[in-house]
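So the chains spell out like this:
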Amino acid sequence: MPEARVLFTRDDLADGVARVGREISDAYPDGVLLVAVLKGSVPFLADVVRAVDVPVEVDFLAISKYAADTGRARIVKDLDGDVLGRDVVLVEDIIDTGLTLTYLLGEIGRREPRSLETCALLDKSVRRIVPTPLRFRAFEIADEFVLGYGLDFAERYRNLDEVFAGDISVLRDDPDAYVHQLYRG
Ligand code: 5GP
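Now for a look at the structure at hand. (Residues numbered from 1 in each chain as written. Predicted model: local features only at pLDDT ≥ 70, side-chain atom pairs only at ≥ 80, totals over all residues. Heavy atoms only, no water.)

**Considering the sheet that holds strand β8 (residues 145–147)**
Point 1. Strand order in the open sheet formed by three strands is β1-β9-β8, and the pairing between neighbours is antiparallel. Pairing within the sheet leaves two strands with one partner each, and these edge strands are β1 (5–8) and β8. Put simply, the sheet's adjacent strands are angled 45° from each other on average, direction ignored.
Point 2. Bridge count for β8 against strand β9 (residues 163–166) is three bridges, and the pairing is antiparallel. Of the residues in β9, the one forming a bridge with Leu147 is Phe164. (Pairing = 2+ DSSP bridges. Helix = DSSP H or I, 4+ residues; strand = E, 2+ residues; numbered from the N terminus. Axes fitted to C-alpha atoms, helices over the stretch in contact; angles between N-to-C directions.)

**Some details on the site of the ligand**
Point 1. Every one of the 16 residues lining the ligand counts as a neighbour, but Asp96, Thr97, Thr100, Val146 and Asp152 are closest to it.
Point 2. The side chain of Thr100 places a nitrogen or oxygen atom 2.4 Å from an oxygen atom of the ligand.
Point 3. Between Glu144 and the ligand, the recorded distance is 3.5 Å, taken from a backbone N or O atom to an oxygen atom.
Point 4. Burial of the ligand by the protein amounts to 84% of the accessible area it has alone, namely 510 Å².
Point 5. Contributions of two or more residues to the shell around the ligand are made by β5 (87–95), α3 (99–109) and β8. (Near = heavy atom within 4 Å. Polar contact = N/O pair within 3.5 Å; in protein donor to acceptor, adjacent residues only side chain to side chain. Areas by Shrake-Rupley, 256 points an atom, 1.4 Å probe, with all protein chains shown as cover.)

**Quick look at the sheet that holds strand β4 (residues 73–77)**
Point 1. Strand order in the open sheet formed by six strands is β4-β3-β2-β5-β6-β7, and the pairing between neighbours is mixed. In the strand order of this sheet, the two ends are held by β4 and β7 (136–140), each with one partner. Taking each pair of neighbouring strands and ignoring which way they run, the sheet shows an average axis angle of 30°.
Point 2. The pairing of β5 with strand β6 (residues 115–123) spans eight bridges and is classified as parallel. Directly across from Leu90, in β6, lies its bridge partner Thr118.
Point 3. The sheet strands contacting helix α2 (residues 42–51) are β2 (32–38), β3 (56–65), β5, β6 and β7, and the helix crosses β2 at an angle near 160°.
Point 4. Packing of α3 onto the sheet brings it into contact with β2, β3, β4, β5 and β6, and relative to β5 it is tilted by some 165°. (Contact = heavy atoms within 4.5 Å.)

Here's what the structure looks like:
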């Protein structure tokens, strides 16, 4: 049976979230708008927003990719509010090639926020194709496929409260490959 490996425990995640929350609070004493990218960033956002001790608003957007690995994306659920003149932090689950974040920075930047910064739970910087400014980052990771705490494979595993490293070829063969190990049943 293939096994996924714990990469970040609950305690690790809590430490990373607390640190990012402090950094955001220090950077925006007058408040900030956190824009989360659905769906993977939801658990991270929910924790970060409570670790920030300045006024915060949240908004959400969702994107879909036209084709795997092209990085060409399109907004399928747009923000509810206006970002004009606001201090905005874009919150992502993981930055891999950087193509998604680059696209989103372009889209939101055109709407003329006062400032626009980026925040991610995980940074797979060795995989970067386009240089991507990442202001707030909880953890850097190696080139591994990760699951849990919002991160999915084929919509599975998002609700795990730790981050695991799995084998992508195992998951491609069987998306449920780690279900027996990681869930009761
Ligand atoms: P990028 O455009 O930076 O290459 O990709 C970012 C997106 O790819 C993330 O928001 C996430 O949806 C997906 N992604 C990249 N690496 C991983 C990974 O290791 N695990 C999971 N579950 N998704 C990933």
